[in-house]
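Take a look at the letters that make up each chain.
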Amino acid sequence: MRSAPPPRQPDRRWAGTRKLHLLFRRRYGHVITEKILMSLRHRLGTFLVAASCALVSVGASAHAILVDSSPKANGTVAAGHVDIVFKYNSKIDQHRSRMTLVKSDQSETTLTIAANGKQPNELDSGVDLTPGTYTIRWQALALDGHITRGDVPFTVAAKP
Ligand SMILES: [Cu+2]
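Report follows, based on the coordinates. Because the structure is predicted, anything quoted here is derived from the model rather than measured. (Residues numbered from 1 in each chain as written. Predicted model: local features only at pLDDT ≥ 70, side-chain atom pairs only at ≥ 80, totals over all residues.)

Our next topic: the environment of Tyr-88. Tracing the backbone shows Tyr-88 in strand E3 (residues 80-88). Placed 34 residues apart in sequence, Tyr-88 and Glu-122 show a C-alpha to C-alpha distance of 6.0 Å. Excluding anything up to four places from it in sequence, Tyr-88 contacts Ala-64, Ile-65, Leu-66, Val-67, Asn-121 and Ala-140. (Helix = DSSP H or I, 4+ residues; strand = E, 2+ residues; numbered from the N terminus. Contact = placed C-beta atoms within 7 Å.)

Have a look at this one:
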């Protein structure tokens, strides 16, 4: 003999949506209503994750956002030795962050990040470049443990 299924526990978290559910069910039928509610719950979950990260970023130990760079994004620099200085809104782990130079043929070169204890918000490097278009692909590890990434494309022009 099969044992009876356990009684359904009322889910208090969704009491509000359950009322909505009943309301919608009368109008649109059960299947559609389930889909709509699942979608709402999913969206709410995503929103809460985004909100918690936003709250963290208000605190002292935020994830790293690039606030200034040399070369500038979409800027132009002269050929030769190019200093690379990326400034962030918070302290970063310079040792475990990454910078990669991507050439126009998509080939990649890892850049050496200089340890700079006096500027803990920066990723600093340097490279000799010939005229062309390049991208610096960065990955910064903030002290809150969050990794952020981005691309800074720029042009190197021949020296006048
Ligand atoms: Cu963060």
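Attention now moves to the pairing of strand E7 (residues 132-141). As paired strands, strand E4 (residues 98-103) and E7 are joined by six bridges and run antiparallel to one another. What sits directly across from Met-99, in E7, is Trp-138. When E7 meets strand E8 (residues 147-157), the two strands line up antiparallel, connected through 10 bridges. Pairing of Arg-137 across the sheet is with Asp-151, part of E8. Between E7 and E8, which pair antiparallel one after the other, the connecting turn spans five residues, and Gly-145 there sits at a positive phi close to 90 degrees. (Pairing = 2+ DSSP bridges.)

Geometry only, nothing functional implied.
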